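Each chain, written out:
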Amino acid sequence: MIYQIMLPGKIRFGVGSLDTLGDEATKLAAKQVLIVTDPGVYQAGLADSVKERLSKAKLSVDIFSEAEPEPTFPRLNAAAEQFGKESYDLLVGVGGGSSMDTAKGLSILLAHGGKGQDYGGVDKVPGSGIPIFTLPTTAGTGSEVTKIAIFGDPEKGRKLGIVSPYLFARLALVDPTLTYRCPPKVTAASGIDALTHAIECYTGNKANTFSDALAVEAIRLIVGNLRTAVKNGSDKEARNRMSEGALIAGIAFGNSGVAAVHALAYPLGSRFHVPHGVANGLLLPYVMECNLSGNLPKYATVAQMLGVEMEGLSLQEAAQKGVEAAKALADDIGIPLHLRDLGVPKEALEEMAVATMDVTRLLGNNPKELTLDDVRRIWQNAW
Ligand SMILES: [Fe+2]
């Protein structure tokens, strides 16, 4: 099997690593910087603490604090228009996936013009954008180390990824202290998103020795620390390990991809505005259950890492217990277990099943080839 590994220019991880930001920007000879963040992160003062480091290094810094959760192409295009006249030479995405993805999108639009939709799909970006630094404030998305940015396309009622090596950050600066004040609900949703990344890329068709090593360690870190990070957010060790787990999961799935859980989460997010992590956490056990036969040994290993006592169990029994363990983890951290609890009407399931089948990029990596009937069954079970 031939595989390749692609990474951001540099990854720096650790408590206090934020203090190196000014030096890193200076090394790039950056002069004019735009921080891209969302209103919540801005109000929490995190963008200001990032700005302070850059200002100390004598850089001119503006802040765009209107990156929306689950960002859309129209809002991205409007932001590009707003900042198009400036000549930024560095964009710093500070926040969760939405802020970092918006920074990635802006990097391309400010350099090449056009609309975000023009670059949707794989390898549609013609060349380098404005350099990006990514600073995650949640432990989850992995966007800091991926070459993907996801946007809603309201006209077409779907989510679409811009996928290009030109979206890689020059520097992914992962300082866990930026996650210390992340509220429990967001900690839960983003943490189970990271777990989904690790499980999907570990069991997916594109899995390889390199990404497996990362995915296994990510699952271990996340399963061992997610409950504590949600229930006791001041536990720094749990926070640090979650940041590390999400980062490692990001590198793993950034290279070996995610699969059907994310394929189902896309229409749930774009039609019912369910936060990405909540959608994944809810759907994960139902998709695992359907997928077991596609890669029984790996699902049994996942079960073991989720805490299932393996002694005396067949692979099938162990893998099946893994489904229950994933559900128990989601339940423990407050993720709803049924779509009806989110107000999704039963009548919407057929439309969602059909929309799922369009997400061919992700379904192609699923360990089991899913028919429309399989997908219908998953939606019904999850309801
Ligand atoms: Fe995700």
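Just above, that's the structure.
For the structure given in this document, a descriptive report is provided here. Note that the structure is a prediction, hence the values are computed from the model and not measured.

1. Concerning the coordination of the iron ion
In this structure, Asp193 (OD), His197 (NE2), His262 (NE2) and His276 (NE2) serve as the protein donors to the iron ion, at separations of 2.2 Å. Taken together, the four donor atoms surrounding the iron ion define angles of 83 to 166° at the centre, an arrangement classified as irregular. Sequence positions of the residues that donate to the iron ion give the spacing D-x3-H-x64-H-x13-H. With a gap of four residues between them, Asp193 and His197 both fall in helix H6 (residues 184–203), about one helical turn apart.

2. Quick notes on the pattern of salt bridges
Scanning all chains against the criterion turns up 15 salt bridges. Lys27 is the partner of Glu24 in a salt bridge, and the nearest nitrogen-oxygen pair spans 3.4 Å. On the criterion of helical spacing, the pair formed by Glu24 and Lys27 is a turn pair, its members being three residues apart in helix H1 (residues 21–27). Residue classification places Glu24 among the buried residues on the basis of a relative accessible area of 7%. Lys27 sits in the exposed class, given a relative accessible area of 61%. Lys159 serves as the salt-bridge partner of Glu70, at 2.5 Å between the closest nitrogen and oxygen. Highlighted residues: Glu70 in the loop between strand E3 (60–64) and helix H4 (73–83) and Lys159 in strand E8 (residues 158–163), separated in sequence by 89 residues. A network of salt bridges, in which partner residues are shared, links Lys10, Arg12, Glu24 and Lys27.

3. A short note on the nonpolar core
Leu195, Leu268, Leu283, Leu306 and Trp379 are the most contacted members of the largest nonpolar core, which totals 82 residues. The leading source of residues in this core is helix H7 (residues 209–231), at ten residues. Inspection of this core shows a minimum of three residues originating in each of domain 1 (10–179) and domain 2 (184–382). Leu195 has contacts with Ile219, Ile222, Val223, Leu306 and Leu329, leaving out every residue within four places of it along the chain. Counting 24 residues, the second largest nonpolar core, distinct from the first, contains Ala80, Phe83, Ile130 and Phe151.

Thresholds applied
- Residues numbered from 1 in each chain as written.
- Predicted model: local features only at pLDDT ≥ 70, side-chain atom pairs only at ≥ 80, totals over all residues.
- Heavy atoms only, no water.
- Donors = N, O, S within 2.8 Å, 3.2 Å for Na, K, Ca; no water.
- Tetrahedral: all angles 85-135°; square planar, octahedral: opposite > 155°, others 65-115°.
- Helix = DSSP H or I, 4+ residues; strand = E, 2+ residues; numbered from the N terminus.
- Salt bridge = Lys/Arg side-chain N within 4 Å of Asp/Glu carboxyl O.
- Buried < 20%, exposed > 50% of the residue type's maximum accessible area, 1.4 Å probe, protein only.
- Core = buried A, V, L, I, M, F, W, Y, C linked by side-chain atoms within 4.5 Å.
- Domains from an automatic or database assignment.
- Contact = heavy atoms within 4.5 Å.

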